[in-house]
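The chain contents come next:
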Amino acid sequence: MLQSHGYNSRELRRQSLQHGVVFSRSKPSSPPHFPSRARVFLRFNFLNHNGAGNQRCTAPSVSPSGHGSSGLRVSLGFKLQCHSKNLVSPYKISSNRGKKNKYGGALPSILTSLESGADLEKTLTSVCENLSPKEQTVILKEQRSWERVIRVFEFFKSQKEYVPNVIHYNVVLRALGRAQRWDQLRLFWIEMAKNGVLPTNNTYGMLVDVYGKAGLVKEALLWIKHMKLRGLFPDEVTMNTVVRVLKDAGEFDRADRFYKDWCIGRLDLDDLDLDSMIDFENGYSSAPVSFKQFLSSELLRTGGRIPVSTNLGLLDRESSTQKPRLTSTYNTLIDLYGKAGRLKDAATVFAEMLQSGVAMDAITFNTMIFTCGSHGNLSEAEALLGKMEERGIYPDTKTYNILLSLYANAGNIESALMYYRKISKEGLSPDTVSHRAVLHILCQRNMVQEVEAVIEEMEKFGIRIDELSLPVLMKMYVDEGMLDRAKTLFDNFHVDSELSSKTRAAVIDAYAEKGLWVEAEAVFYGTRDLQGRKKDVVEYNVMVKAYGKAKVYDKAFSLYKSMRHHGTWPDECTYNSLIQMLSGGDLVDQAMEVLSEMQAAGFKPQCLTFSSLIACYSRLGKLNDAVDIYQEMTRAGVKPNEVVYGSLINGFAETGQAEEAFQYFCLMQECGLSANKIVLTSLIKAYGKVGCLDGAKRVYEKMQDLEGGPDIIASNSMISVYADFGMVSEAKILFDYLREKGLADVISHATMMHVYQSNGMLDEAINIAEEMRLSGFLRDCASYNSVMACYAWNGQLHACGELLHEMITQKLLPDTETFKVLFTVLKKGGFPIEAVTQLESSYGLGKPYARQAIFTCIFSSVGLHTFALELCEVFTKVEVPLNCFAYNAAIYAYSSTGQIDKALNMLMKMLDQGLEPDLVTFIGLAGCYGKAGMIEGVRRIHSKLKYGEIEPSKSLYQAVIDAYNNANRKDLAELAYQQMKLALEEERHPETKFGDDDTYESEECWESVAEDEGSASHVDP
């Protein structure tokens, strides 16, 4: 089994939806008591029906201590009790409808000059002198990059009148933290301390925020410990930031504990041990400096300690209690308890928000709607939407995005799309999340027309498809066989932006799943190689998977060997996938080479990897090597499973070593592995291979005692055993039983068809084949191949052609076994052996249009000329050069339908391309000339054959003879026949030479016939 732990399209789709909706602070113009610093982030997963987000732990449903809520009635959902008039805002609040704050005075012109000026320092000198600290703060905050922030800050510090202040340092530290420039942040922190500027609550809250968003949760919390050591107690904004960071990291219990401690004035951080932090200097931390050294030594020495009298304020907090007063804090708490699955606690917080007189905003309702809906209470989510509007708070785009996702998760697509359309009806604009959500919903259901309507609407408003939606769209088009559309989409997207490795890997995987390695390869290399960018290992892994699915093992192995040269090292997934793939292709030497390199790199192979090697050696009959791998597996501490033992049992049975097969069966039982249906089925096959029918029967009867009895695989194996023994009646009884119970599958039918075939019961075999067609069992290549082989074996070649057309119509790509059957059909249909050999060679080499040429010849040879001519049109329109075999196929197809002009046009096109006619070309031309009565053309081919310009060939002689007969020249046909006999006799007995008299007589007859010829058109092939 091919394995890949890379990012497939389904995994990336799940990840992209987990990015979900980010609720940012709305900016209402009124009332003034709305918090200005609040920012609440709620991430939700469109695909999770049971909970919200990536929930790592579920806390027990316990009401928060210290908050009276005994009078609140809580159900599974939430009951709104919003009757207090003083809480209703007279304004319609929406984050999308707030007005942007404007700066007064000279600030707008200064900001414009700084933005447009080429020389930043020169512009600063000319317009930014003698500014107030507040104006300097505005200019710092409005810079678009951390580099510009530092340059502006350095300019301000160079002014004589400048006095360092904590607000300016906060702006600089925030910019550096958002850019994850930790070294520069450390230097400015030290500079801040040296200048005697003490950090405030805002400073620490900001540092917690930027470190938390960078994924450095533990380091973010260390700032709070540092804050405690400084004698500062977090204010509500800082507390809210800490709770949010812990919530987003899935640390729900810790977030709840921190909040409750804050409410009673306690700051308990004993579970954070500075000494336990990993030292980056030893190479084991994700951060660029050692936080142990940074926080516990350097900062404490240079921070400028707070006076002792101030520290007493922290102690005074222990005896006080407090409640949050900010809307943003309540929003965070509701989201926290909702994601933790603590619905009762979320309801309690919501009730406290109402009782405390804290104003609600759109984020409050959005969070509540999501919390209700994500736990299956969609009716209450709808009720919240109504209450939201009653309170004068307008739903925003994010509100409808939540409802859209909730209904999509519930499978109610109609309601989901209704909320998507409602966004525009309400005068709002769909955002990236809206489009991403609706595209994912439609793509998962392969609703191509609806998807393209959404894309057309997006393009109308100048909105591009976001990167996370690209793999989902690609997968839909690939699954639907719309490869041109998929390529166009990818190329257009690639023009304006470079894809991340994960997205590129997901796109490759969409092709890989369908075995389309050529298309996957085009994405893998793409235009990025021209820019010299390094590929991630996940891209290599899915490309290996693509090659493996298509069984192009040499390319997969070559790609693996080239990885290190391009700066990418294989990971555990690379090794496991490649070994399993090569083993599946019986390339055991290469698989063992990769195994050695994997172990040398320090990776431990999986059980499945060892199992694939054992199975490979067993198939190849190298059982000693299989046993060696088994022993190495046990030495490595990898416990064998049923598949390993089943492979060994099968291997020994295939070689007739029944005793060894039973030895491993007993060993499996000793290891505590029960004899499941898979292993017992292997034993049935083993008994059949060694000719022990009674043993196979005993095992099959033993399976009757298992729960559910023998499965269909075991029953099919038993039918196969009966087939090997020629026991048609017993096989038919078991097959009829399966059919009566409705258990017979495509393998059952195919096996029974084989039973009849091998015993010469042609009518019965054909009846089974017809039954398979009528029962809808023909769903994949294997089923089509078995029925097609039966028809070919019985000489029903026309039916083979019809089945091939069915496969193409259903977008089933014929595999190697299909083409084996097709070549048999051509041979049975009297197709020239040289032409069949040429087609086999072109297919084996993977030449362009080889498949189309083979299909064309099949349809022509079985009389399905309409289909053949449709394929010929492809050859006439292609702009790339074709090979001889393609022209030969077209000449044959046109000639078969009497379209001589088109056949000769293909010949002319071939000659114009600089290709010389080959033997197969002359065979096709001979038939073409004969049907057109062009005797001179036939004679010229005959002459080239007679004088050795063309290598003697029975097929060409026969084509010439048939051409003469078609032109009603029996005399020339007889002459060609005699020459063919002589040429073939000489080929069989090269030591035999014909006398001069024979040669002279033959030439005399030829010249006599030539003199009797009338005028004929001159055609030179």
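Just so you know, the residues in each chain are numbered from 1, in the order the chain's sequence is written. Two thresholds apply to this predicted model, a pLDDT of at least 70 for residue-level local features and 80 or more for giving and counting side-chain atom pairs, whereas whole-chain, interface and lining totals are computed over all residues. Computation of side-chain values covers all heavy atoms of the structure but excludes hydrogens and water.

**Q** Account for the overall build of the protein chain, with residues named and values stated.
**A** Secondary structure summary: the protein chain contains 52 helices and zero strands in total. A simple rule labels every residue: compare its accessible area, found with a 1.4 Å probe on the protein chains alone, to the largest value its type can have, and call it buried under 20%, exposed over 50%, or partly exposed in between. Evaluated residue by residue, the protein chain yields a buried proportion of 51% over its 1021 residues. Residues are treated as being in contact if the distance between any of their heavy atoms lies within 4.5 Å. Across the protein chain, the fraction of contacts at a sequence separation of at least 24, relative to all contacts at a separation of at least 6, is 67%. As displayed, the protein chain offers around 47,300 Å² of accessible surface, 50% of which is attributable to carbon and sulfur atoms. Counting from the N terminus, the helices are the DSSP runs of H or I reaching at least four residues and the strands are the DSSP runs of E reaching at least two. Methods summary: accessible areas were calculated by the Shrake-Rupley approach with a probe of 1.4 Å, and residue burial reflects only the protein chains presented.

**Q** Which residues make up the environment of D253, and what values go with them?
**A** Residue placement: D253 occurs in helix α11 (residues 252–263). D253 sits 87 residues away from A340 along the chain, and the two C-alpha atoms are 8.4 Å apart.

**Q** Could you give an account of the packing of aromatic side chains, with specific residues and numbers?
**A** Here a Phe, Tyr or Trp ring, Trp counted by its six-membered ring, pairs with any other such ring whose centre lies within 6.5 Å, and the pair is stacked when the planes are under 30 degrees apart, edge-to-face when over 60, and tilted otherwise. One pass over the structure, following the stated rule, counts 26 aromatic pairs. Aromatic side chains Y630 and Y645 sit 5.8 Å apart centroid to centroid with 65° between the ring planes, which places their arrangement in the edge-to-face category. Placement of Y630 in helix α31 (residues 623–635) and of Y645 in helix α32 (residues 642–654) is noted, with a sequence separation of 15 residues between them. Each member of the pair, Y630 together with Y645, is buried. Here the aromatic residues W182, W189, Y204, Y211 and W223 are joined through ring pairs into a cluster of three or more. Here, over-ring charges are defined by two tests on the NZ atom of lysine or the CZ atom of arginine: distance to the ring centre within 6 Å, and angle to the ring normal within 35 degrees. For R464, the ring lying beneath its charged end belongs to F493, and the centroid distance is 4.9 Å. One residue, K535, lies across the ring of F524, its end atom 5.0 Å from the ring centre.

**Q** Could you give me a rundown of the pattern of salt bridges, with the residues and numbers involved?
**A** Between Lys or Arg on one side and Asp or Glu on the other, a salt bridge is scored when a side-chain nitrogen of the former is within 4 Å of a carboxyl oxygen of the latter. For the structure on display, the rule yields 35 salt bridges. Across the pair R485 and E452 runs a salt bridge whose closest N-O atoms are separated by 3.1 Å. One end of the pair, R485, is in helix α23 (residues 483–496); the other, E452, is in helix α21 (residues 448–460), with 33 residues separating them in the sequence. Residue classification places E452 among the partly exposed residues on the basis of a relative accessible area of 28%.

**Q** Explain unusual backbone geometry to me, using residue names and the numbers behind them.
**A** Residue Q180 is not a glycine yet carries a positive backbone phi of 55°. By secondary structure assignment, the location of Q180 is in the loop between α6 (166–178) and α7 (182–194). Given the relative accessible area of 45%, Q180 is considered partly exposed.

**Q** Describe helix α47 (residues 900–912), listing the residues and the values that go with them.
**A** Between the first and last C-alpha of α47 there are 18 Å, a value that for 13 residues agrees with the 18 Å anticipated at 1.5 Å per step. Residues of α47 that are buried: I900, A903, L904, M906, L907 and M910. The buried residues of α47 all sit within an arc of 150° when viewed along its axis, so they share a single face. Residues of α47 that are exposed and point more than 90 degrees away from the buried face comprise D901 and D912. Looking one or two residues beyond α47, the residue adopting positive phi is G914, at roughly 90°. To estimate the expected span of a helix, count its residues, drop one, and scale the result by 1.5 Å. In this description, one arc is meant: the one made by directions from the helix axis to the C-beta atoms.

**Q** Provide a residue-level description of the packing of helix α38 (residues 746–758) against helix α40 (residues 781–793), including the pertinent values.
**A** Every axis in this analysis is a line fitted to C-alpha atoms, fitted for helices over the stretch in contact. Angles between the N-to-C directions lie between 0 and 180 degrees. The contact between α38 and α40 brings their axes to 10 Å, and the two run at 20°. Judged on the interaxial angle alone, α40 and α38 are roughly parallel. α40 is crossed by α38, and the crossing has left-handed handedness. Contact with α38, carried on its side by V746, A750, M753 and Q757, involves S783, S786, V787, C790 and W793 of α40 and no other residues of that element. Angles below 35 degrees are treated as roughly parallel, those above 145 as roughly antiparallel, those between 65 and 115 as roughly perpendicular, and all remaining angles as oblique. Handedness of a crossing is defined here by the sense of rotation of the near helix relative to the far one, left-handed for an anticlockwise turn of less than a right angle and right-handed for a clockwise turn.

**Q** So what about the packing of helix α4 (residues 133–141) against α6? Which residues, and what values?
**A** Between α4 and α6, whose axes approach to 10 Å, the crossing angle comes to 0°. If you check the angle between α4 and α6, you find them roughly parallel. In this structure, α4 uses P133, Q136, T137, L140 and K141 to contact α6, whose residues at the interface are I167, H168 and V171. Note on residue categories: nonpolar means Ala, Val, Leu, Ile, Met, Phe, Trp, Tyr, Cys or Pro, charged means Asp, Glu, Lys or Arg, and polar means any other residue, Gly included. Classifying every residue of the contact of α4 with α6 gives four nonpolar, three polar and one charged.

**Q** Please give an account of the side chain of E236 that cites residues and values.
**A** With respect to the helices and strands, the residue E236 is situated in helix α10 (residues 236–248). Any N or O atom pair separated by 3.5 Å or less is treated as a polar contact, with the protein-specific requirement of one donor-capable and one acceptor-capable atom, and with residues adjacent in sequence counted only for side-chain atom pairs. From its side chain, E236 meets the backbone nitrogen of L326 in a polar contact 2.8 Å long. A polar contact of 2.7 Å, which involves the side chain of E236, links it to the side chain of T329. With near-sequence residues (within four places) excluded, E236 lies in contact with W262, P324, R325, L326 and T329.

**Q** Pulling in residues and values, what's your account of helix α42 (residues 816–828)?
**A** Here α42 spans 19 Å end to end across 13 residues, near enough to the 18 Å set by a 1.5 Å rise per residue. Residues of α42 that are buried include every one of T818, F819, V821, L822, F823, V825 and L826, and no others. Of the surrounding secondary structure, the elements contacted by the buried residues of α42 are α40, α41 (797–809), α43 (833–844) and α44 (850–862). A positive backbone phi angle near 80° is found at G830, which sits one or two residues after α42.

**Q** With reference to specific residues and values, describe the confidence of the model for the protein chain.
**A** Averaged over all residues, the pLDDT of the protein chain is 79; the fraction at 70 or higher stands at 81%. Low pLDDT (under 50) marks residues 296–313, which in the prediction has 29 contacts with non-local residues, meaning those over four places away or in another chain. How sure the predictor is of each residue is captured by pLDDT, a score from 0 to 100.

**Q** An account of the side chain of S405 is needed here, citing residue identities and associated values.
**A** Among the secondary structure elements, S405 is positioned in helix α18 (residues 397–409). For S405, a relative accessible area of 0% corresponds to the buried category. Of the polar contacts made by the side chain of S405, one reaches the backbone oxygen of I402; its length is 2.7 Å.

**Q** Before we move on, can you summarise the environment of Y957 with the specific residues and values?
**A** Within the secondary structure, Y957 sits in helix α50 (residues 954–966). Note on Y957: relative accessible area 5%, which makes it buried. The spacing of Y957 and L945 is 12 residues in sequence and 8.0 Å in space, taken between C-alpha atoms. With sequence-adjacent residues up to four places away left out, Y957 is seen in contact with L945, A976, Q979, M980 and A983.

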